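Observations on chain architecture
The primary structure of each chain is shown beneath.
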Amino acid sequence: MEKFHQLQNSLGNTVFNTRQFSGMSHFAHIHKSYELLFVERGSLRCVIDGTEVWVYAGEFVMIFPFQIHSFEVPPAGNVYVVVFSEDFVRYFFNATNRLTTKTQKFTCTDEVTRYFRNCMIIDFPEFSGKPNTIETLTIKSCLYGVCSDLLRQAEFSATDRSETKNTVTKIFEYISRHFSEDISLRSIAGELGYSYPYISKCFNEYTQTNFKTLLNQYRFEYAKELLRETRKPMSEVALESGFQSIRNFNLVFFHFAGVSPREFRNSQ
């Protein structure tokens, strides 16, 4: 299971799914699709390729393909997330492919925002699957309106994939393959052939979180799937996910989920 690279949001040309979040965080990840976030209420903290962005009620933020990103939604906030592949905005993709912009937070006109609320939040509140022809046309018309407003406000320049980002990508790919093992940022530095000070600087610059927290998020997400999909004993779930003890497993799980592993399994 690869948590850093979200394969479900990278395969095919008709990816489209929507979700609403409140009082939660999503650890750093990457995928081939666009990710559009709209703050319906409260605020949203994003870290996109190492840059912190705060987004407030009525504002949008666009994550472009293959950007490393994470976000946190406070308990009082409500954020609507749309993940979609390039085919839904083909003209926008052709105009911006191989370009980058620092203008990822933006606002839309009242008309476009109202249409987005009616079209996405009301018609597609929690959608996953392949939309039919009429749904596809509706989705495209809405997304093109949002993308047009972004283009009016953004300044684009040629993409410059830095060595720092390449290093961070390697770190995440390593974590996604070895999170169940006893690893540290120092051990990863040795495995990848970098000095610890350099790899630590790159990691902190791009993620703005500590390594242990990120590693625990990977382990937590994996444990959550095992609890959903299997009847394995708690001790086996803990060890298979990378936790060294049941006590640590329970503490970390409660920290991220607000309930114990047993309570989570019983609720499924």
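Just so you know, these numbers come straight off a predicted model, no measurement behind them.

Enumeration according to the criterion identifies 27 aromatic pairs in this entry. In textbook terms, an aromatic cluster arises when at least three aromatic residues are bridged by ring pairs, as seen for F220, F243, F249, F253, F256 and F264. The ring centre of Y196 lies 3.9 Å from the NZ or CZ of R186, which sits over that ring.

Glancing now at the pattern of salt bridges. The full count for this structure, using the stated rule, is ten salt bridges. For R90, the salt bridge is made with E86, and the minimal N-O distance between the two is 3.1 Å. Overall, R90 belongs to the partly exposed group, its relative accessible area being 29%. Owing to a relative accessible area of 16%, E86 belongs among the buried residues under this scheme. K232 serves as the salt-bridge partner of E240, at 2.8 Å between the closest nitrogen and oxygen. Owing to a relative accessible area of 28%, E240 belongs among the partly exposed residues under this scheme. Overall, the relative accessible area of 24% leaves K232 in the partly exposed class. Sharing partners across several salt bridges, the network here consists of R45, E52 and E72.

Here we take up the sheet that holds strand β1 (residues 16-21). The antiparallel open sheet is built from five strands, whose spatial order is β1-β8-β3-β6-β10. A strand with exactly one partner marks an edge of an open sheet, and here the two such strands are β1 and β10 (105-106). Sheet contacts for helix α2 (residues 110-122): β1, β3 (34-41), β6 (60-63) and β8 (78-84); angle to β3, the most-contacted strand, approximately 105 degrees.

The next point concerns the nonpolar core. F172, I175, F211, L214 and F249 are the most contacted members of the largest nonpolar core, which totals 35 residues. Elements represented by at least two residues in this core include exactly β2 (24-29), α4 (163-178), α5 (185-192), α6 (196-207), α7 (211-229), α8 (234-241) and α9 (246-257). At nine residues, the largest contribution of residues to this core is made by α7. With 30 residues, the next largest nonpolar core counts F64, C119, F124 and L143 among its residues.

All right, on to α5 then. All of the buried residues in α5 are L185, I188 and A189. Axial view of α5: buried residues confined to an arc of 105 degrees, hence all on one face. Residues of α5 that are exposed and point more than 90 degrees away from the buried face comprise R186, G190 and E191. On the buried face of α5, the contacting elements are α4, α6 and α7. Backbone geometry just downstream of α5 places G193 in the positive-phi region, at approximately 85 degrees.

Burial within β3 is extensive, with six of its eight residues counted as buried. Note that β3 and β6 share four bridges and pair antiparallel. Across the sheet, the residue bridging to L36 is M62, located in β6.

Read from one edge of the open sheet, four strands run β2-β7-β4-β5, paired in antiparallel fashion. Looking at which strands have only one partner, the edges of the open sheet turn out to be β2 and β5 (51-56). Strand-to-strand twist in this sheet, taken as the mean axis angle between neighbours without regard to direction, amounts to 15 degrees.

Parameters at a glance
- Residues numbered from 1 in each chain as written.
- Predicted model: local features only at pLDDT ≥ 70, side-chain atom pairs only at ≥ 80, totals over all residues.
- Heavy atoms only, no water.
- Phe/Tyr/Trp six-rings, centres within 6.5 Å; stacked < 30°, edge-to-face > 60°.
- Lys NZ or Arg CZ within 6 Å of the ring centre and 35° of its normal.
- Salt bridge = Lys/Arg side-chain N within 4 Å of Asp/Glu carboxyl O.
- Buried < 20%, exposed > 50% of the residue type's maximum accessible area, 1.4 Å probe, protein only.
- Pairing = 2+ DSSP bridges.
- Helix = DSSP H or I, 4+ residues; strand = E, 2+ residues; numbered from the N terminus.
- Contact = heavy atoms within 4.5 Å.
- Axes fitted to C-alpha atoms, helices over the stretch in contact; angles between N-to-C directions.
- Core = buried A, V, L, I, M, F, W, Y, C linked by side-chain atoms within 4.5 Å.
- Arc of directions from axis to C-beta.

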